[in-house]
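Now for the letters of each chain:
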Amino acid sequence: MPAELEFILRLGAATVIGAAIGLNRDLHGKPTGVRTLGLVGLGSALVILAGMGFHTQTPVDPNPVSRAIQGILTGIGFLGAGVIVREGAGRRVHGFTTAALIWLTACIGIACGLGAWMPTVVAFLLVFVLLVGGGALEGWLHQKWYRANPDLQSDLQLHTQLDHSVRGETKE
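Please read these numbers as outputs of a predicted model, since none were measured by experiment.

**Q** Can you help me understand the overall build of the protein chain in this one?
**A** Along its length, the protein chain carries 6 helices and 2 strands. For the protein chain, the N- to C-terminal ordering of α and β elements is α-α-α-β-β-α-α-α. A burial count over the protein chain gives 30% of its 172 residues as buried. A fraction of 61% describes how many contacts in the protein chain between residues 6 or more apart in sequence connect residues 24 or more apart.

Structure below.
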């Protein structure tokens, strides 16, 4: 494949996958969305390509790519930390899933930049499964856990109320 098409494929895949992950966050009213995570994926892939000297083959010297990966993962931590919020003096903390998805989107961008297609596809499919089914599984497990431990019933009610208030739902 010509180098120009390979660049377009790697950068495009990182952007589209990042945007798809961002769509989930956007639909759930989270602070990151399509544009943010699309840009995280694109930027990560671009930095990797730069570390490879804009060659599409494996570089002779892996050190620049390794440093690029380290820089991306360090820097992206600050972006992820910015979406984690603690509510008042309570125990409730929001934004961990979004922060993890920012980090994961950077990792997928790195994989796209390296042209590692199989890990990229598998990671994206697993992310999709977690985002679509993870919330339902957590809810089911919480219900089972709290039913098995009646002394924790008040925690379940508080957890459910907080969950609804975060989503902007009102109890009628």
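What follows continues from the structure just given.
**Q** How should the side chain of Thr105 be read in this particular structure?
**A** Examined against the element boundaries, Thr105 turns out to sit in helix 4 (residues 96–114). By relative accessible area, Thr105 is classed as buried at 1%. Setting aside its immediate chain neighbours within four residues, Thr105 contacts Gly18, Ile21, Leu37, Val40 and Gly41.

**Q** It is not clear to me how the nonpolar core should be interpreted in this structure. Could you clarify?
**A** It is characteristic of soluble globular proteins that their nonpolar side chains tend to be buried jointly. Within the largest apolar cluster, 22 residues are counted, with the highest numbers of intra-cluster contacts made by Ile21, Val40, Ile48, Ile102 and Cys112. Breaking this core down by element, the ones donating at least two residues are helix 1 (3–27), helix 2 (34–51), helix 3 (63–81) and helix 4. At 7 residues, the largest contribution of residues to this core is made by helix 4. Apart from residues no more than four positions distant in its own chain, Ile21 is found in contact with Leu37, Leu101, Thr105, Ile108, Phe124 and Val127.

**Q** Can you walk me through the pattern of salt bridges in this structure?
**A** When charged atoms on two side chains of opposite charge get close, those side chains can pair. A complete count under the given rule lists 1 salt bridge for this structure. Between Arg10 and Glu6 there is a salt bridge; the shortest N-O distance is 2.8 Å. Of this pair, Arg10 and Glu6 both sit in helix 1, 4 residues apart, which is roughly one turn of that helix.

**Q** I'm lost on the packing of helix 4 against helix 5 (residues 117–148) in this one. Help?
**A** Describing two packed helices takes the angle between their axes plus the distance from one axis to the other. Between helix 4 and helix 5, the shortest axis-to-axis distance is 8 Å and the interhelical angle comes to 160 degrees. Judged on the interaxial angle alone, helix 5 and helix 4 are roughly antiparallel. By crossing handedness, the relation of helix 4 to helix 5 is classed as left-handed. Here helix 4 contributes Leu101, Leu104, Ile108, Ala111 and Cys112 to the contact with helix 5, which in turn contributes Trp117, Thr120, Ala123, Phe124, Val127 and Leu131. The class makeup of the residues in the contact of helix 4 with helix 5 is 10 nonpolar, 1 polar and no charged.

**Q** Please clarify how helix 3 should be interpreted in this entry.
**A** Two residues of an α-helix separated by three or four positions point the same way, owing to the 3.6 residues in each turn. Over its 19 residues, helix 3 runs 27 Å from end to end, which matches the ideal 27 Å to within 8%, given 1.5 Å per residue. All buried positions along helix 3 are accounted for by Val65, Ala68, Ile72, Ile76 and Gly80. Here the buried residues of helix 3 occupy an arc of 100 degrees about the axis, which is enough to place them on one side. Facing away from the buried surface of helix 3 by more than 90 degrees, the exposed residues are Arg67, Thr74 and Phe78. In this structure, the buried residues of helix 3 make contact with helix 2 and helix 4.

**Q** Looking at this model, I keep getting lost on helix 5. Mind explaining?
**A** Its 32 residues give helix 5 an end-to-end C-alpha distance of 44 Å, which sits within 8% of 46 Å, the value for a rise of 1.5 Å per residue. At Gly133, helix 5 shows its maximal bend, which comes to roughly 45 degrees.

**Q** Please explain the packing of helix 2 against helix 3 as it appears in this structure.
**A** With their axes 8 Å apart at the nearest point, helix 2 and helix 3 run at an angle of 155 degrees to one another. Comparing their axes, helix 3 and helix 2 come out roughly antiparallel. Here helix 2 and helix 3 pass one another in a crossing that is right-handed. Touching Val40, Ser44, Val47, Ile48 and Gly51 of helix 2 are Pro64, Val65, Ala68, Ile69, Ile72, Ile76 and Leu79, all from helix 3.

About the cut-offs
Residues numbered from 1 in each chain as written. Predicted model: local features only at pLDDT ≥ 70, side-chain atom pairs only at ≥ 80, totals over all residues. Heavy atoms only, no water. Helix = DSSP H or I, 4+ residues; strand = E, 2+ residues; numbered from the N terminus. Buried < 20%, exposed > 50% of the residue type's maximum accessible area, 1.4 Å probe, protein only. Contact = heavy atoms within 4.5 Å. Core = buried A, V, L, I, M, F, W, Y, C linked by side-chain atoms within 4.5 Å. Salt bridge = Lys/Arg side-chain N within 4 Å of Asp/Glu carboxyl O. Axes fitted to C-alpha atoms, helices over the stretch in contact; angles between N-to-C directions. Parallel < 35°, antiparallel > 145°, perpendicular 65-115°, else oblique. Left-handed = near helix turned anticlockwise from the far one by under 90°. Nonpolar A, V, L, I, M, F, W, Y, C, P; charged D, E, K, R; others polar. Expected span 1.5 Å × (residues − 1). Arc of directions from axis to C-beta. Bend = angle between axes of the 7 residues up to and from the residue.

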